[in-house]
Amino acid sequence: MKGGLSLDILHCMRIESLSKILMRPSLYRSLMAAFSAALLLVAAGCAEDPRYSARTQYLGGGYGNAPSGAPQDSVSYWDGDGVEGKPSITISLREQRAYFYKSGVLVGVSQLSTGREGLNTPYGHFSIIQKDVNHVSSLFGDYVDSAGTVVVPNVDVTKDPKPPGAHFRGTPMPYFMRIVSGTGMHAGYLPGYPASHGCIRMPEFMAENFFKSVSTGTPVTITN
């Protein structure tokens, strides 16, 4: 008992001594400074990586070279998981939104960027005629050199001549859902206004949900 009591007293004395050391003003300030620096590092790790800040867009990732400053998406949502019913899609060019229904019940809404002036997205009644999860454009993209460095960006292969030694690299269009000819819905950059070559861009998470919920033949109505 005496030996155990002596060890307990010695242990308490060590803790008390350590507490006194830690409470010294100079050491306390040093520890607090180190703790604050650690917090800043953690916060910096949660901030947007500056390498990708120029690719800011609506929720869901970026594709292509996009200017910064895209507005925040406060509209897009998906509640269709577990809901049964025949799918259909209505797209409003004026609102720049897509509405997803299952047997007439609205289960999702997506922000969009449709065709810009001169390359307008067609309106009318259509249906899904093709699905391609890893689609790449055969018309629009960049001319790149053998190392993959962009030589001429944002080209149209039907109009822009290819520089000597370069080759064409098509723009990725993930979760592509073709509705007519060269037009379809897919994940892509949304600057907050019509900006595409005619396709219907949406945030990646919305394109993924639309893609998994449609099949060939799903009706798509596009209104002006």
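In short, a report on the structure. Counting of residues starts from 1 at the beginning of each chain's written sequence and follows it residue by residue. Owing to the predicted nature of the model, reporting of local features is limited to residues with pLDDT of at least 70; listing and counting of side-chain atom pairs is limited to 80 or more, with chain, interface and lining totals taken over all residues. Side-chain measures here rest on the full set of heavy atoms in the structure, leaving out hydrogens and waters.

## Comments concerning the pairing of strand S9 (residues 183-187)
Stage number 1. For every residue, the accessible area (1.4 Å probe, protein chains only) is compared with the maximum for its type, and the residue is labelled buried under 20%, exposed over 50%, or partly exposed between those bounds. Secondary structure elements are defined from DSSP: runs of H or I of at least 4 residues count as helices, runs of E of at least 2 residues count as strands, and each element is numbered from the N terminus. Among the five residues in S9, five count as buried, and that is most of the element.
Stage number 2. Side chains Thr183, Met185 and Ala187 project from S9 onto one buried face, and the interleaved Gly184 and His186 project onto a second face that is buried too.
Stage number 3. Taken together, the three bridges between strand S8 (residues 167-180) and S9 define a ladder with antiparallel strand orientation. In the sheet register, valine 180 faces S9, and the bridge partner there is threonine 183.
Stage number 4. In sequence, S8 turns back onto S9 through a hairpin of two residues, with serine 181 there showing a positive phi of about 45°.
Stage number 5. A pair of strands is considered paired only if DSSP assigns at least 2 bridges between the two. With three bridges joining them, S9 and strand S10 (residues 200-202) adopt parallel strand pairing. Bridge pairing in S10 places methionine 185 opposite isoleucine 200.

## Quick word on the sheet that holds strand S3 (residues 97-102)
Stage number 1. With mixed pairing, the six strands of this open sheet are ordered in space as S1-S4-S3-S2-S11-S5. The strands lining the two open edges of the sheet, one partner per strand, are strand S1 (77-78) and strand S5 (124-127).
Stage number 2. As paired elements, S3 and strand S4 (residues 105-111) share six bridges and run antiparallel to each other. Looking at S4, one finds that phenylalanine 100 is bridged to glycine 108.

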